[in-house]
Amino acid sequence: MAMSMGSDDGEPMVEMNTTPLIDVMLVLLIMFIITIPIQTHAVKIDLPQNAPPTNSTIDPVKNKVAIDQAGTITWNGAPIDLLTLRQYLQQSLQLPVEPELQFQPNAATRYVVVDEVLAEIKRAGVTKLGFVGNEQYSSF
């Protein structure tokens, strides 16, 4: 460390050069950062697996999604919810040839339910979609 002796008037002027001290402190800081092990805390959780239904309710040729007047969604005649519909659509799209999906809402069904089902069909990426029973809307 360098020290400067005072001026000509006889008073000693003592100033410490802090640049080497700062350099050493920075080097020590970098060494501590490098040598500290990375803290990786992992919590292992057994998540439930999404198992497909055991019985195959998916027809490889055509499937029919219908909505009755009360808003109940059915897949080939069996009542289902939106989550099951999403699973059935994914399974049908994994077949070698995509089956035709026929959609038949009742004329008295609330539009919100029909919109939710159509949104699920669109999100699934169905390309072969047909509307069944359009003649019931001719009286409106």
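For the structure itself, look to the data block above.
The notes below deal with the structure included here. Numbering of residues begins from 1 in every chain and follows the order in which that chain's sequence is written. The predicted nature of this model means local features are confined to residues of pLDDT at least 70 and side-chain atom pairs, given and counted, to a pLDDT of 80 or more, with totals for whole chains, interfaces and linings taken over all residues. Side-chain metrics rest on all non-hydrogen atoms present in the structure, leaving aside hydrogens and water.

### What about the pairing of strand β1 (residues 62-67)?
Step number 1: Strand pairing is defined by DSSP finding a minimum of two bridges between the two strands. Starting at the N terminus, helices and strands are each numbered in turn, a helix being any DSSP run of H or I of at least four residues and a strand any DSSP run of E of at least two. Two elements, β1 and strand β4 (residues 100-105), share six bridges in a ladder whose sense is parallel. If you follow Val65 over to β4, its bridge partner there is Phe103.
Step number 2: Pairing of β1 with strand β2 (residues 73-75) involves three bridges; the strand directions are antiparallel. Note that in β2 the partner of Ile67 across the bridge is Ile73.
Step number 3: Connecting β1 to the next strand, β2, in antiparallel fashion are five residues, including Gly71 with a positive phi near 95°.

### Comments concerning the pattern of salt bridges
Step number 1: The term salt bridge refers to a pairing of a side-chain nitrogen on Lys or Arg with a carboxyl oxygen on Asp or Glu at a separation within 4 Å. Enumeration according to the criterion identifies two salt bridges in this entry.
Step number 2: Between Glu120 and Arg123 there is a salt bridge whose closest N-O contact spans 2.6 Å. A residue pair is termed a helical-turn pair when its members lie 3 or 4 positions apart in one helix, as Glu120 and Arg123 do in helix α3 (residues 111-124) at three residues.
Step number 3: The class of Arg123 is exposed, set by a relative accessible area of 62%.
Step number 4: Linked through salt bridges whose partners overlap, the residues forming this network are Arg86, Glu120 and Arg123. Between buried and exposed lies partly exposed: a residue is buried under 20% and exposed over 50% of the maximum accessible area for its type, with that area taken using a 1.4 Å probe on protein chains only.

### Section: the packing of helix α2 (residues 82-93) against α3
Step number 1: Direction vectors running N to C along α2 and α3 enclose 30°, while the axes themselves pass 10 Å from each other. Relative to α3, the element α2 lies roughly parallel. The crossing of α2 and α3 is right-handed. Of the residues in α3, those in contact with Leu82, Leu85, Arg86, Leu89 and Leu93 of α2 are Glu116, Val117, Glu120, Ile121 and Ala124.
Step number 2: Three classes are used: nonpolar for Ala, Val, Leu, Ile, Met, Phe, Trp, Tyr, Cys and Pro, charged for Asp, Glu, Lys and Arg, and polar for all others, with Gly counted as polar. Across the contact of α2 with α3, the residue classes break down as seven nonpolar, no polar and three charged. All axes are obtained by fitting lines to C-alpha atoms, using only the stretch in contact for helices, and the reported angles, taken between N-to-C directions, cover 0 to 180 degrees. When describing relative orientation, an angle under 35 degrees is termed roughly parallel and one over 145 degrees roughly antiparallel, while 65 to 115 degrees is termed roughly perpendicular and anything else oblique. The sense of a crossing depends on the near helix, which, turned anticlockwise from the far helix by less than a right angle, makes the crossing left-handed and, turned clockwise, makes it right-handed. The contact criterion used throughout is that any non-hydrogen atoms of two residues lie within 4.5 Å.

### Concerning the sheet that holds strand β3 (residues 78-80)
Step number 1: Ordered in space as β3-β2-β1-β4-β5, the five strands form an open sheet in which the pairing is mixed. Of all the strands in the sheet, the pair left with one neighbour each is β3 and β5 (129-131). Within this sheet the neighbouring strands show an average axis-to-axis angle of 30°, counted without direction.
Step number 2: With three bridges joining them, β4 and β5 adopt parallel strand pairing. Bridged to Gln102 within β5 is Gly130.
Step number 3: Docked against the sheet, α2 engages β1, β2, β3 and β4, running at close to 30° with respect to β2.
Step number 4: In the packing of α3 onto the sheet, the strands contacted are β1, β2, β4 and β5, and the crossing angle to β4 comes to about 170°.

### Concerning empty space enclosed by the protein
Step number 1: Points on a 1 Å grid, built from protein atoms alone, make a cavity when a 1.4 Å probe fits but cannot get out and make a pocket when they are open with protein on both sides within 12 Å along at least 5 of 7 lines; residues with an atom within 4 Å of a point are the lining residues. Grid points are joined across faces, edges and corners, and a volume is the space filled by probe spheres set on the points. On inspection of all chains with the given rule, the structure shows one cavity of 30 Å³ or more.
Step number 2: Approximately 40 Å³ is the volume attributed to the largest cavity.
Step number 3: Ranked by residues supplied to the lining of the largest cavity, first place goes to α2 with three residues.
Step number 4: Class assignment for the residues of the lining of the largest cavity results in six nonpolar, two polar and one charged.

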